[in-house]
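Given next are the chains, with one letter for each unit.
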Amino acid sequence: GLWGDYAAAVEGLRARASAAPEQGGDSVRMRLTTGAMTALQGVGAWRRGRTTEARRLLEQARSSISGHFEAQLANQTIGWWMGELLVESGEPAEAIPYFVSLADGAAFITDPVAKHRLGKIYERLGDYAEAREAYEYFLTAWRDPDPALRPWAEEARQAVIRLTGPRRD
């Protein structure tokens, strides 16, 4: 709801991207800044209910910044937004590749939080074996979670119980 702040942030990124060549910046920096601006515009479209436009902008942003190591976190964030947008739009199966890329990403580490999100998606889709595996990974990784993640751990424990047994195997 802070659309004035949003507009200022978009305009600030636009100005940085435009000024980069004049200030001796390289084309990579300009592309990364433009990608960040496009991602922000995508989130703005998503929050305003324009999901088709949001998807286009977020995908455009991801391709704009992909391949740059320093932009890996930005690309992961955009991937998370895209996955959530698809889940909210009623397309959870389409969201799976985004969360898989985060869970089993190029950083050669597995993100337990993305695994937790995959567990929910797989369960919603009726893929109980995949859901249980994702939840179990989360529980193994977060054996003794911080207080903020304890409700997630309890939710995952309950899901594993719910998904284990003769009705779900």
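Preceding this section is the structure that the text describes.
Residues numbered from 1 in each chain as written. Predicted model: local features only at pLDDT ≥ 70, side-chain atom pairs only at ≥ 80, totals over all residues. Heavy atoms only, no water.

J.: Describe in detail the overall build of the chain, supporting the description with residues and values.
T.: When helices and strands are counted, the chain shows 8 helices and 0 strands. For the chain, the succession of helices and strands along the chain, N to C, is α-α-α-α-α-α-α-α. Expressed as a percentage of the 169 residues in the chain, the buried residues total 39%. Just so you have it, the chain exposes about 9,700 Å², and 54% of that area is on carbon and sulfur atoms. (Helix = DSSP H or I, 4+ residues; strand = E, 2+ residues; numbered from the N terminus. Buried < 20%, exposed > 50% of the residue type's maximum accessible area, 1.4 Å probe, protein only. Areas by Shrake-Rupley, 256 points an atom, 1.4 Å probe, with all protein chains shown as cover.)

J.: Describe the packing of helix 2 (residues 27–47) against helix 3 (residues 51–65), and please don't skip the residues or the numbers.
T.: Where helix 2 meets helix 3, the axes come as close as 8 Å, and the angle between the chain directions of the two elements is 160 degrees. Here helix 2 is positioned roughly antiparallel relative to helix 3, judged by the angle of their axes. Crossing hand, helix 2 versus helix 3: left-handed. Along its contact with helix 2, which presents Arg31, Leu32, Gly35, Thr38, Ala39, Gln41, Gly42, Val43, Ala45 and Trp46, the element helix 3 presents Glu53, Ala54, Leu57, Leu58, Gln60, Ala61, Ser63, Ser64 and Ile65. In terms of residue class, the contact of helix 2 with helix 3 is built from 10 nonpolar, 7 polar and 2 charged. (Axes fitted to C-alpha atoms, helices over the stretch in contact; angles between N-to-C directions. Parallel < 35°, antiparallel > 145°, perpendicular 65-115°, else oblique. Left-handed = near helix turned anticlockwise from the far one by under 90°. Contact = heavy atoms within 4.5 Å. Nonpolar A, V, L, I, M, F, W, Y, C, P; charged D, E, K, R; others polar.)

J.: An account of the environment of Arg31 is needed here, citing residue identities and associated values.
T.: Mapped onto the secondary structure, Arg31 falls in helix 2. For Arg31, a relative accessible area of 39% gives the class partly exposed. Between the alpha carbons of Arg31 and Ala17 there is a distance of 7.5 Å; along the sequence they are 14 residues apart.

J.: Just give me the short version of the packing of helix 6 (residues 112–125) against helix 8 (residues 150–163), but keep the residues and values in it.
T.: One way to put it is that helix 6 packs onto helix 8 with a least axis distance of 11 Å and a crossing angle of 40 degrees. Between helix 6 and helix 8, the angle falls in the class oblique. Note that helix 6 runs across helix 8; the crossing there is left-handed. Contact residues: helix 6 offers Val113, His116, Lys120 and Glu123, while helix 8 offers Trp152, Glu155, Ala156, Ala159, Arg162 and Leu163. Residue composition of the contact of helix 6 with helix 8, grouped by class: 5 nonpolar, 1 polar and 4 charged.

J.: Report on the environment of Thr34, specifying residues and quantitative values.
T.: By the element assignment, Thr34 lies in helix 2. By relative accessible area, which is 28% here, Thr34 ends up partly exposed. Each C-alpha atom of the pair Thr34 and Ser64 lies 7.8 Å from the other, and the pair is 30 residues apart in sequence.

J.: Account for a negative patch on the surface, with residues named and values stated.
T.: Together, Asp127, Glu130, Glu133 and Glu136 make up a region of like negative charge exposed at the surface. Examined against the element boundaries, Glu136 turns out to sit in helix 7 (residues 128–141). (Patch = residues over 30% accessible without salt bridge, like charges linked within 9 Å, V, L, I, M, F, W, Y side chains within 5 Å. Salt bridge = Lys/Arg side-chain N within 4 Å of Asp/Glu carboxyl O. Lys, Arg positive; Asp, Glu negative; His and termini not counted. Charge placed at Lys NZ, Arg CZ, Asp CG, Glu CD.)

J.: Give me the lowdown on the pattern of salt bridges, citing residues and values where you can.
T.: Here the structure, examined in full by the defined rule, presents 7 salt bridges. Taking the shortest distance from any N to any O, the salt bridge between Arg157 and Glu154 comes out at 3.8 Å. Residue Arg157 and its partner Glu154 are located together in helix 8, separated by 3 residues, close to a single helical turn. On the accessibility criterion, Glu154 (37% relative accessible area) is partly exposed.

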